[in-house]
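Breakdown of the fold
Take a look at the letters that make up each chain.
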Amino acid sequence: MRRFSWFNATSLTLGFAFLYLPMLILIIYSFNESKLVTVWAGFSTKWYGELFRNEAFLDAAWVTLRVALFSSTLATLLGTMAAYVIVRSGRFPGRTLFSGMIYAPLVMPEVITGLSLLLLFISIGLDRGIFTIVLAHTTFAMCYVSVVVSSRLVSFDTSLEEAALDLGCSPFEAFRLVTLPIIAPAVISGWLLAFTLSLDDLVIASFTSGPSATTLPMKIWSSVRLGVSPEINALSTILIGIVAVGVITASLLSKRAIAARQREEQAAVAA
């Protein structure tokens, strides 16, 4: 076993400091009394109260949450079906083209994706708003879900499905009762990834949103251009807390599901 050297410890410390020290500073200054975000004037929580009285930020947060929920759910459904077709359908005419179209948004610049979707919506006469943002986010998040679910399906033991079919299950019942519970952690991970990408997106939403639909990243960007306010620090702190709680909860649920499946497999072997 290789010893953990001082060089490795220093590199790891500097790496984590580079990633998380700015977030820590932001969280500390969200409790600053002063209006100047770089001058500490004492501890205060008044900016959190100001934030919750700011209707513009609240409306943008509500739009972002709705878009993220709808787009991540739709992207998970379509991405899971696409992954199943790619992994389980074998060779079929157009498979290479289909796979390329699924994975293209992974390497496509967001500016190109947003501009192409904008031209599409204009050409078909679709008014831009929440619906168009949901369609746009579903388009680029679906490929991430497909990659996550495909990696789990590749290592899936197909003999379990075959056993279910031999016992009288239909293909749909075998998928619902056997395959889906086993790949559920990957599906949940794909949903969380799609949800996070939707919350974070600025470029594509800027192209596909309308005057009546402003997402939270767009609102933050427009506010920062006029100067960083303590309210943005408070808002960022809340978002960091929500993401941290979500990641920890998903990790615990995933570990619990894996442990439960291992106990079931051990019980089956023992029987």
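Up top is the structure.
Described below are features of the structure shown in this document. For clarity, every value in this text was computed on a predicted model and none was experimentally measured.

Calculation criteria
- The numbering scheme is per chain: residues are counted from 1 as the chain's sequence reads.
- Given that the model is predicted, a residue must reach a pLDDT of at least 70 before its local features are reported, and side-chain atom pairs must reach 80 or more before they are shown or counted; all residues, however, enter totals for whole chains, interfaces and linings.
- Values shown for side chains rest on all heavy atoms present in the structure; no hydrogens or waters enter the calculation.
- A run of DSSP states H or I qualifies as a helix once it reaches four residues; a run of E qualifies as a strand once it reaches two. Both are numbered from the N-terminal end.
- Only protein chains enter the accessibility calculation, which uses a 1.4 Å probe. A residue is then buried if its area is under 20% of the maximum for its type, exposed if over 50%, and partly exposed in between.
- When checking whether two residues touch, look at their non-hydrogen atoms; a contact exists if any pair is within 4.5 Å.
- Using a 1.4 Å probe, the Shrake-Rupley method yields the accessible areas, and only the shown protein chains count as cover for residues.
- The charged-residue count follows a simple rule in which Lys and Arg add positive charge and Asp and Glu add negative charge, with His and chain termini not counted at all.
- Taken as the charge location is NZ of Lys, CZ of Arg, CG of Asp or CD of Glu.
- In these notes, a set of buried Ala, Val, Leu, Ile, Met, Phe, Trp, Tyr and Cys residues joined through side-chain atoms within 4.5 Å is what counts as a nonpolar core.
- Ring pairs are drawn from Phe, Tyr and Trp, using the six-membered ring of Trp, whenever the two centres fall within 6.5 Å, and their geometry is named by plane angle: stacked under 30 degrees, edge-to-face over 60, tilted for the rest.
- By definition here, charges over rings are those cases where NZ of Lys or CZ of Arg is within 6 Å of the ring centre and within 35 degrees of the ring normal.
- Each salt bridge in this description consists of a side-chain nitrogen of Lys or Arg and a carboxyl oxygen of Asp or Glu lying within 4 Å of one another.

1. Some points on the overall build of the chain
Within the chain one finds 11 helices and 0 strands. With the C-alpha coordinates of the chain rotated into their principal frame, the extents come out at 70 × 60 × 35 Å. Residues counted as buried form 31% of the 271 residues belonging to the chain. Taking as baseline every contact in the chain between residues at least 6 positions apart, the subset at least 24 positions apart corresponds to 70%. Summed over its atoms, the accessible surface of the chain is roughly 16800 Å², and 70% of this surface lies on carbon and sulfur atoms. Here the chain carries 18 positive and 16 negative side-chain charges, and the mean point of each set is 7 Å from the other.

2. Some details on the nonpolar core
The tendency in soluble globular proteins is for nonpolar side chains to be buried as a group. With 18 residues, the main nonpolar core has Val 149 and Ile 183 as its most contacted residues. Take this core: its biggest share by element is 6 residues, from helix H8 (residues 171-200).

3. Re the packing of aromatic side chains
Tallied over the entire structure, the rule returns 5 aromatic pairs. Aromatic side chains Phe 16 and Tyr 20 sit 6.0 Å apart centroid to centroid with 20° between the ring planes, which places their arrangement in the stacked category. Here the residue Phe 16 and the residue Tyr 20 both occupy positions in helix H1 (residues 6-29), the gap between them amounting to 4 residues, near one helical turn. The partly exposed category is assigned to Tyr 20, whose relative accessible area is 47%. With a centroid separation of 5.3 Å and 80° between ring planes, the pair formed by Tyr 84 and Phe 175 is classed as edge-to-face. Residue Tyr 84 is found in helix H3 (residues 55-88), and its partner Phe 175 is found in helix H8; the two are separated by 91 residues along the sequence. Residue classification places Phe 175 among the partly exposed positions, given a relative accessible area of 22%. Taken together, the ring pairs connect Phe 31, Phe 43 and Tyr 48 into an aromatic cluster. Here the guanidinium or amino end of Lys 219 rests over the ring plane of Phe 57, the centre of that ring lying 6.0 Å away.

4. A look at the side chain of Thr 179
With respect to the helices and strands, Thr 179 occurs in helix H8. Owing to a relative accessible area of 0%, Thr 179 belongs among the buried residues under this scheme. Those residues in contact with Thr 179, other than ones at most four positions away along the chain, are Leu 153, Phe 156, Glu 161 and Ala 174.

5. Considerations on the pattern of salt bridges
The final tally for this structure, using the stated rule, is 2 salt bridges. Of the charged contacts, one joins Glu 33 and Lys 46 as a salt bridge, the two residues approaching to 3.6 Å between their closest N and O atoms. Here the residue Glu 33 occupies a position in the loop between H1 and helix H2 (46-52), and Lys 46 occupies one in helix H2, the gap between them amounting to 13 residues. By relative accessible area, which is 33% here, Glu 33 ends up partly exposed. By relative accessible area, which is 35% here, Lys 46 ends up partly exposed.

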